[in-house]
Every structure is written in structure tokens, then in C-alpha cells.
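Listed below are the residues making up each chain.
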Amino acid sequence: MRKLLLAVLLLALLFGCNSGQRGTAPSGPGTRIVSLAPNLTEIVFAVGAGDKLVGRTSYCDYPAEAKAVAEVGDTLHPSLERIIALKPQVVLVSTASQLEVFTQQLQNQNIAVVVSDPHDLEGIFRSIQQIGELTGQQTQAENLVAKLRERTNAVEQAVKGKQPVRVFCQVSAEPLITAGRDAFVTDLMRRAGVTSVTADVPGAWPKYSNESALAAKPEAIILPTGGSMGSYNTEVTEALRQSPAVLQGRVYKINDDYLTRPGPRAIDGLEAMARALHPDAFK
Amino acid sequence: MNRITLRKTIISCALLAGALLLAIISMSLLGSEPLPVRESLCALGSLGTNACGLTSDQFDILFQIRLPRILLAAAVGGSLATAGAGYQALLRNPLAEPYLLGISNGAAVGTMIALVFFGRSEWIRPVLAFTGALAATLAVYRLARGRAGATPERLILAGVIVTTFLSSVIVFVTTLMDATRIRSFTFWLLGDLSGTSRTLLPVAITIVIVGAVVLTLHARSLNLLMLGERDAFDLGVEVGRVRIVVFLVASLLVGSSVAASGSVGYVGLVVPHLARLSLGSDNRISIPAAALGGALFVIVADTIARTIIAPRELPVGAITALIGAPLFIYLLKRA
Amino acid sequence: MLEARNLTVAYDHRVAVADLTLSLNAGEITAIIGPNGAGKSTLLRTLNGQIPKSSGVIMLDGQPLERLSRRSISRRIAVVAQEAELRFPVTVLEFVLGGRFAWATNSGWGWETEHDLQVADEVLRETELSELSARLMNELSGGERQRALMARALATEAPILLLDEPTANLDLSHQATLLNLVRKRCDERQSAALVVTHDINLAAQFADNIILMKQGRAVHSGTPEEVLKAEILQEVFEVRVVVDAHPVTGGPRVTPLINHG
């Protein structure tokens, strides 16, 4: 029966994944914040509100200062008691659908829940602005967004006119998981002068057919790895061993935290991808 | 129902083997990427020695991706159905099933430990999966054995206890993992054949053939064991030895299939039951029939899993559970 | 044929059978009677090799029992217990053919020989089950099922029959049918039978020898006339009884006196 539940969850993961921001807005800027996603923690620190963060998940490991903040569980299993005990005004979450009851209980305690789950670069910028407002750090947030936009524009200018490279982004080899239509990394790839061969596949992180991957003949492969994933996902899946990408040695490992956490460091990911795939544009 | 004879057994198994071969060939023609039928059949007919005009990519899709996956599906299905038939006869319970008894979970915990602590070594995976399956088997057997022997209710209850306990262990181990890895793990836990490993495929095929043959060679003992351990002993069955053989072989079968594909549920329940329903309870025919039928069932289920939302994929376990769970409820009601 | 000397069986920290000696001889039926918990069934299971003995000797056809393989014991000793577990559908014929297992040259994936089928046919006729041979076991009545159990034991062609309360669930006429089958085997094939029973009067009628057990010991043994005496039974069962001669057979007849002080 657990299996069926998981299957339903999985279908939700495949077809669902709603985007955008919702939840209840608190009155006035928050001074005590709990973040339940590593990308949101990164944004809180990036807008200069790190001192207001009183709780984080076990996955929130960046920046280093974040590790000094109290842990409240992981993204899917946060401890309600721990959160309430921290007396936050705002809890930032990235996965609304799975935490409905949880959200309800927090709201009963007069704790505002803000959902932020960006699916593209613009969404990340909006997230930054929103968290800036929530924490009373509007100016810093605006400055940050401006800076990030500038870097984004620079990359886009540099790769302009370049022949787009057909890329396969391998998030996991076994099973084969890739970045789909709703993953923000798909938007990053487009901006980096890259055509993701799975850009139109529904969902954010779909399990993908090995034979379709082989048939797509990617010219390059991106392996998000080396960050939180450690030494996992460092090798190309067997089906792609004979792909043009592998034969020409165009396999690029990029820190997975840049590509799977829709936060400020996504721009690092954008730059890393553009430099890897269009090296001549950055001479 | 007429008495099972050698003739009837051979005819039934030959028919099933024919259907299996047909399924292997026809399901090789289906997938997320279309392949030309005539050329593919020609290449399959030549056993891969002749490309028959297929492009090299098409040839690779057929022989490097689809066929190995279909063969693994066959090995996994055959293993789980054979193990199910073995457990059912030995535990005298038509509802005994590797997944429902928690034995698949035992193998899953073993595999997870191998993945988390031994990383890339592909050999340690089936070994620990087998160990986990065996430990879970013994735990269920111990728990289920009351003064009055193992009643079906007690056995299912013991299975629930072992399953939920091991599920908690699995949840605990996943919390030690990175969030991104959990996602791939969720697929694997549901039973997934896409990561067909070159190393494990020959192992899984060898184990299913050896396992099915060994269990079939104990069929007459199992026929008597189905009617009670004491009666079987009285009639000349070396109960202790047969029990050890069946536990070891069934655990090996479950271990190898879980190491290769995660826990695909309900195959071990549905297939042996259908075999008995159509061919009778005699294990001399129902075990080999379950082995062939299980292979057939999982090949078809996996073909659905990999084509229904192509180029995305579903885990095969979702399909087998979708078919198996309602049937399980039906069997419970009938029992 | 089967002999036990100074047999002691202890398990679960309890002595179930103590220093017991008995011998089963060709053509004879031996009955074991005694109060509940006297160790009757344990004795039977020990003689069959299922429960290990603690000390003493069990000899089967002149060989120590523990040196014989399971199959060779089963070719010589058949057991009739009370009920079979029937969770899988099997036909009466399949069930009875189970008795041929110990004789199979291929006990793994072998098939029944012509001789096996012949034997099954014969015992089905003897137990009046021929017409039911294609029926499923769980469709039979209690009496028919008990006969099928008997048929399976006879199908082993074992010269020694051990019966554990074979008549417990049967009505009078079926009790007689069953015991007549045992008698017939003993007379025609010089078989030996050991019957554990609660029914003293039935034992008096069919048994050649009676062993009276209490607390694991054989307190008395001999012919029905020697064992079934009022003072002996009163001492063992702790209830007052009257023993007189049966009006038809002339053997001893035991009647417990309840509420007669």
C-alpha cells in the first residue's frame, strides 16, 4: 500500500510541480525566519538577512555561516515542534503540495508560510526580491538582483550568435534522470547558448528513457556533481558512452548546487556552463 | 482437475516458453524510439551478427539498451515468481510473497547499505541483498511460527511487522543521503529496470535458471510440505534440508532481483497463483510455469512502464502493483 | 519389527516418556491408553524419529532407528494423524499418491510409476474412496477425509502403522471401518500397528496388547484382559470404574462411575 502512495506521490512529482509564489504574507518585515530549503537559505544570506535566520534544514550547508543556525529536520520531514519553539514569524518553504497539513498548523500558530519554488531565472530574481521585502532588506535585494542581471546579460552577450550546442543534462545515471521543461536549469542552459535535448519533456526532473537519450545524440553532456552530491553522478550513463559528446570528450562536471538550487549561485552555474560549452566566447 | 503428468507438464512449459520468446521478440520492437520492424526482426534473427540495414544508433538501441533490459525483466520476473511459489509451498500459505513478507525490503536494505558504504562495487550489492533477504526470511519465519504452526494470518502479520520495520530502516538510511539522490532512490525502491547493469545481467540470468531448476527438483517434497510439515516428515521428506534449500534459493532469487531492479511488488503473488489456478497445485508444473509466467508478466509490465509516457518512464513496480494490488484484495476475499 | 528399550524422552524441561520398553510384532495391534498428558503422542512421534529420544534404544528391523535415512524409515513406518492442512486444492488421488513419495527413485521431479498408480487404486478401493478420487480434498466430509488419510498411510505399503487418535473425529460406523482396515492389514500382510486412543472399550475390542501409560511410564501392559482391571484403571485414571464382560465379545467392558460416590 505504501508502494501505491509512493506511486501517487511520484505522479504528482511528474505532472504536478506548480510554480510561483503563494502562501500568506506576514504583516511587516520578519525578524525571525526559518528556511526549509537550501536555495532559500542561500537567498536569505545573500540579501544580508542571515542574522534573522533562526532555523534551517540539514541540507542547508551554504554559506558556511548557515551551519551555525539551528537545524529543524530536512525539507520533507521538518520538525514542527522545533520550528514552533524557535518562534519564527515566517517560514520559507519550497514544496507546498506535500506540506499542506504542516502549513495549516503553522498558520494556526500565527506563523506565516511563504512558498517560493522558482522554475526559471526570472523566478529566482522574484524570489530574491520577495525575501528581501520579507526581511526588510529591499535595497540589498534590488542591488543583488541588478548585479545578477548584469552577469546574466554578460553571459548572454558573449554567447550571442554562437551555434547552440545540443546538450544532455544527466542528473542521475541509475535511473537516468534529466532536467525537464520545469527545471530552472533548462532556462539556464538556454541562456548559456545551449539547447537542452530534453527541454520539452514535461516535469522538472523526469526519469528519462535510455534509448531516447542515445537517439538524441547530444554533442555535450553536463553532469551536475561535486557539490552536495559528492562523488555521486560522476560518470556518464552506459547508454551514452558512444554518444558524440563522450567520443569528443565534451562531458562537463558542474557543481550540482549551482544547477539544482534555484538561488543566487545559479548565475555561477550559468557562467560555468557558458564557459565550458563556448570557451572561445570568453577569451 | 486431472492428475498432472510429465506429458502435460512438458506441453504447458513448452507453450509458455514459446510465449516468452514471442514476448521477448515483440516487446523488443516497442520503445520510446521507433525502430523499423522488418530490419529489427532480421537483426534479432541473426542474434546481432547482422545489422540488416539498421543504423548504428538503432542497432545500439536494440542490442545495448532494449534487449538487455527485456532480458533483465525476464530474470527479475522469473526470480520473484519462482521465489513466491517456493515460499508459498514451504510456508503453506497462498498469500506468501517476497514483497508482502518484507523479504524484498530486507534485500533493499542490504542493497542500500552496499550503495551507501561500498559505493561502486557492483559485486557487493547482490551479496548484501541476498544477506538481507535471508535475514528477513528467517525473521518472518520465526515471528510467524506460533504454537499452532504458522497460520496464514500470523504469517501476513509477521510480514507486515518486518516490512514496516525495514521500511523505517530504509527511511532512516535515506535521511543520510543528499536530497538529489533520494529522488533516484525513490524510483529504485519502487522497482525499476532502466539501470540494467552489464555486470548484474548475467548474474541475474544464471541465478534465475539455477534457482528455478533447484526448486523444481524439490517439487515433490514441496507438494507434501504444502499439506503440513509433520505429514511431509512422516512420508519421508527431509523437512529440515528442504526448508534450508528453499530459504536459501528463494533469498538468492529475491536478492539478485532486488539488487538489479529494486523491489518489484506482487509478481511473486500474482503469477504463482495464476499458475496454480490454470494448471493445478502440483509444484512439478506450477514452479516451472511460474518461472516462465513471471518472466512474461514483468516483460509486459516493463514495456508498459517504458512506453506509456515516453520518453519519460514509470518505474515497473508501479505497473505491477497497479495490477497486483487489486488481485491481492480479490484473493484475500476469496481465501 | 519395531522395538523400544528403556526409552526416555525429555523436552521443554519435562520428561514426557520415561524408561519405556515395548515391541511391536507382526500381525499384532497394540493400543496405548492413558490419561491426557501421559506422553502417548510423544511416544508415537519418537518411535517415528520425529522427536529425538534422550536415552534408550529404538530398533527398526534390527537396526538402530537413528542410523536409517528418512526415506527408508518412511518406507517401513506409516503414520496416520488427525487432520491434514488443506490450504491448497489437491485431489484425493493426488493426496493418496503422496504416500508413494518414499518409494520414488526420483524424489525431486520424478513421476508416479504404473505400480504407484496401481497401489493408489487398490487402497482407494479398500477405503471406499474410488468414486471420490477426482474430488478435491477440501470438498470431502470429515469422515471421508480421515479415510483418505488412512488410504495415504496404506499406500506407503509400510509394514508398521502408527495411528494417533485415528477415530477421534469419527462416528461409530466409521470408527469400525477404519479399525477393520487396520485389522485386515495386520492379518493379511503381517503388519504391526500401534494405536494411541482415548477409547478404552474400542481398544479392548480390537487390540491384541494394551499399554497403559501414566506420566510417561508404561504402568501396565499385556492383553486387554490383563490390563483392563477395575483396580488398575481406578489407580491410573483416578475415577471409579466397573469392569464386566462384554455381552457379545466376552472381553472386558469398562464403565466409569460418575456421581456414584
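Just so it is clear, the structure is predicted and the values come from calculations on it, not from any experiment.

*Asks:* For the overall build of chain A, give the residues involved together with the corresponding values.
*Replies:* Within chain A, the regular secondary structure consists of 11 helices and 11 strands. In chain A, buried positions account for 51% of the 283 residues. Taking contacts inside chain A between residues at least 6 apart in sequence as the whole, the part at least 24 apart equals 63%.

*Asks:* Help me get a handle on the overall build of chain C, residues and values and all.
*Replies:* In terms of regular secondary structure, chain C is built from 9 helices and 12 strands. For chain C, whose C-alpha radius of gyration is 19 Å, the value lies close to the compact-globule estimate of 18 Å for 261 residues. Along the first, second and third principal axes, the C-alpha atoms of chain C reach 60 × 40 × 35 Å. Buried residues in chain C amount to 42% of all 261 residues. Of the contacts made within chain C by residues no fewer than 6 positions apart, 66% connect residues no fewer than 24 positions apart.

*Asks:* Hey, could you go over unusual backbone geometry for me, with residue numbers and the actual values?
*Replies:* In this chain, Y62 of chain A is followed by P63 of chain A through a cis amide linkage whose omega measures -10 degrees. Tracing the backbone through its elements, the reader meets P63 of chain A in the loop between β3 (53–56) and β4 (70–71). For the bond running from A310 of chain B to P311 of chain B, omega is 5 degrees, close enough to zero to count as cis. Within the fold, P311 of chain B resides in the loop between α13 (283–307) and α14 (316–334). A positive phi angle, near 45 degrees, is found at K217 of chain A, a position not held by glycine.

*Asks:* Give a detailed account of the interface of chain A and chain B, specifying residues and quantitative values.
*Replies:* Taken together, the contacts link 36 residues of chain A with 34 residues of chain B. Breaking the side of chain A that touches chain B down by element, the ones donating at least two residues are α1 (2–15), β7 (165–172), α8 (210–216) and α10 (256–260) of chain A. Among the elements that make up the side of chain A that touches chain B, the one with the highest residue count is α1 of chain A (7 residues).

*Asks:* Could you give an account of the environment of I111 of chain A, with specific residues and numbers?
*Replies:* All names here are of chain A. Following the sequence through the fold, I111 ends up in the loop between α4 (100–108) and β6 (112–117). Since 22 C-beta atoms lie within 10 Å of it, I111 is described here as buried. Sequence separation between I111 and I33 is 78 residues, and the spatial gap between their C-alpha atoms is 9.8 Å. Apart from the residues lying within four places of it in its own chain, the contact partners of I111 are P88, Q89, V91 and L106.

*Asks:* Describe the sheet that holds strand β1 (residues 2–11) of chain C, listing the residues and the values that go with them.
*Replies:* All names here are of chain C. Pairing is antiparallel in the open sheet, where 4 strands are placed in the order β2-β1-β4-β5. Edge positions in the sheet fall to β2 (14–24) and β5 (63–64), since each of these pairs with one other strand and no more. One ladder, built from 5 bridges, connects β1 with strand β4 (residues 55–60); its direction is antiparallel. The residue of β4 that forms the bridge with L2 is L60.

*Asks:* A description of the interface of chain B and chain C should follow, citing residues and the corresponding values.
*Replies:* When the parts of a complex come together, some accessible area is lost, and that lost area is often taken as the interface size. With 29 residues of chain B at the interface, the matching set in chain C holds 27 residues. For the side of chain B that touches chain C, the secondary-structure elements that each account for two or more residues are α9 (219–225) and α10 (229–234) of chain B. Examining the composition of the side of chain B that touches chain C, we find that 5 residues originate from one element, α9 of chain B, more than from any other. Classifying every residue of the side of chain B that touches chain C by side-chain character gives 11 nonpolar, 9 polar and 9 charged.

*Asks:* Talk me through the nonpolar core; I want residue IDs and the actual numbers.
*Replies:* In this structure, V76 and V298 of chain B together with V96 and L161 of chain C are the most contacted members of the largest nonpolar core, which totals 176 residues. Sequence-distant contacts of V76 of chain B, that is, excluding residues within four places in its chain, are made with L193, A204, S257, A260, S261, V264 and V298 of chain B. With 84 residues, the next largest nonpolar core counts F45, V167, F168 and W205 of chain A among its residues.

*Asks:* Run through the packing of helix α3 (residues 56–90) of chain B against helix α11 (residues 239–261) of chain B, naming residues and quoting values.
*Replies:* Residues and elements named next belong to chain B. Interhelical geometry of α3 versus α11 gives an angle of 150 degrees and a closest axis separation of 9 Å. Here α3 lies roughly antiparallel to α11, going by the angle between them. Of the two possible hands of crossing, α3 and α11 adopt the one that is left-handed. Between α3, through L72, V76, S79, L80, T82, A83, G86, Y87 and L90, and α11, the contact on the second element is made entirely by R243, V246, V249, A250, L253, V254, S256, S257, A260 and S261.

*Asks:* Explain the arrangement of the chains to me, using residue names and the numbers behind them.
*Replies:* Pairwise contact counts over the 2 pairs of chains in contact peak for chains A and B. Left apart from each other, chain A and chain C have a closest C-alpha approach of 25 Å.

Calculation rules
Residues numbered from 1 in each chain as written. Chains lettered and ligands numbered in written order. Predicted model: local features only at pLDDT ≥ 70, side-chain atom pairs only at ≥ 80, totals over all residues. Helix = DSSP H or I, 4+ residues; strand = E, 2+ residues; numbered from the N terminus. Buried ≥ 20, exposed ≤ 12 C-beta atoms within 10 Å, placed from the backbone. Contact = placed C-beta atoms within 7 Å. Rg over C-alpha atoms; globule rule 2.2 N^0.38 Å. Pairing = 2+ DSSP bridges. Nonpolar A, V, L, I, M, F, W, Y, C, P; charged D, E, K, R; others polar. Core = buried A, V, L, I, M, F, W, Y, C linked by C-beta atoms within 7 Å. Axes fitted to C-alpha atoms, helices over the stretch in contact; angles between N-to-C directions. Parallel < 35°, antiparallel > 145°, perpendicular 65-115°, else oblique. Left-handed = near helix turned anticlockwise from the far one by under 90°.

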